[in-house]
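# Tertiary structure, described
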Amino acid sequence: MKRWKLVATIAAGLFAAAPPADAQDVDAGAEVYKSTCRACHGPTAKGLASYPKLAGRSADYLVMRLQQYRSGERLGPNTPLMAPMARQLSDADIANLATYIATEFN
């Protein structure tokens, strides 16, 4: 029984130490968007030509998709264009970018 209390205490401490989801660096996300995403997804993330609209998407959805692209998962006809772009992004870049898009363009 004591072992479970110890595990629960450690888990609670880890969750308490984690930064809140909204603590991402929105300014850094804006820079990544401008340098990496804007040319195809547009200045307001509403998409251009065959590039999809990102505006209105949740940060969780955007993180999931960027991680899928980065891992090489085939998601559709734009995968050959997106995968190399996503591979350039760190976990922090993805989190910042997703927070920026979800905050700025919702």
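This text goes with the structure placed above it.
Just so it is clear, the model here is predicted, and its values are computed rather than measured. (Residues numbered from 1 in each chain as written. Predicted model: local features only at pLDDT ≥ 70, side-chain atom pairs only at ≥ 80, totals over all residues. Heavy atoms only, no water.)

## Things to note about the overall build of the protein
Summing up its helical and strand segments, the protein has five helices and zero strands in all. Shown N-terminal to C-terminal, the secondary structure of the protein runs as helices and strands in the order α-α-α-α-α. Residue pairs at least 24 apart in sequence account for 54% of intrachain contacts in the protein once pairs closer than 6 positions are excluded. Counting every atom, the protein has about 7100 Å² of accessible surface; 59% of that belongs to carbon and sulfur. (Helix = DSSP H or I, 4+ residues; strand = E, 2+ residues; numbered from the N terminus. Contact = heavy atoms within 4.5 Å. Areas by Shrake-Rupley, 256 points an atom, 1.4 Å probe, with all protein chains shown as cover.)

## Side note on helix H5 (residues 91-104)
The first and last C-alpha atoms of H5 sit 20 Å apart over 14 residues, in line with the 20 Å expected at 1.5 Å per residue. Buried residues along H5 sit against helix H2 (26-41) and helix H3 (59-71). (Expected span 1.5 Å × (residues − 1).)

## With respect to H3
For H3, with 13 residues, the first-to-last C-alpha span of 18 Å sits near the 18 Å given by 1.5 Å per residue. Among all positions in H3, only Leu 62, Leu 66, Gln 68 and Tyr 69 are buried. Down the axis of H3, the sector holding all buried residues measures 155°, keeping them to one side. Every exposed residue of H3 that faces more than 90 degrees away from the buried side is listed here: Asp 60 and Ser 71. Contact partners of the buried residues in H3: helix H4 (79-87) and H5. (Buried < 20%, exposed > 50% of the residue type's maximum accessible area, 1.4 Å probe, protein only. Arc of directions from axis to C-beta.)

## Quick notes on the packing of aromatic side chains
Per the counting criterion, the structure on display carries three aromatic pairs. Both rings, one in Tyr 33 and one in Tyr 100, keep their centres 5.9 Å apart while their planes meet at 50°; by these two values the pair is tilted. Of this pair, Tyr 33 sits in helix H2 while Tyr 100 sits in helix H5, and the two are 67 residues apart along the sequence. An identical accessibility class is assigned to Tyr 33 and Tyr 100; each is buried. Between Tyr 100 and Phe 105 the ring centres are 5.5 Å apart and the planes differ by 85°, which places this aromatic pair in the edge-to-face class. Every member of this aromatic cluster is reached through a ring pair, and the members are Tyr 33, Tyr 100 and Phe 105. (Phe/Tyr/Trp six-rings, centres within 6.5 Å; stacked < 30°, edge-to-face > 60°.)

## Regarding unusual backbone geometry
Its identity as a non-glycine residue notwithstanding, Ala 45 has a phi of 60°, on the positive side. As for its placement among the helices and strands, Ala 45 is situated in the loop between H2 and H3. Assessed through its relative accessible area of 0%, Ala 45 is described here as buried. Phi at Ala 49 takes a positive value of approximately 50°, unusual for a residue other than glycine. Here Ala 49 falls in the exposed class, since its relative accessible area comes to 85%.

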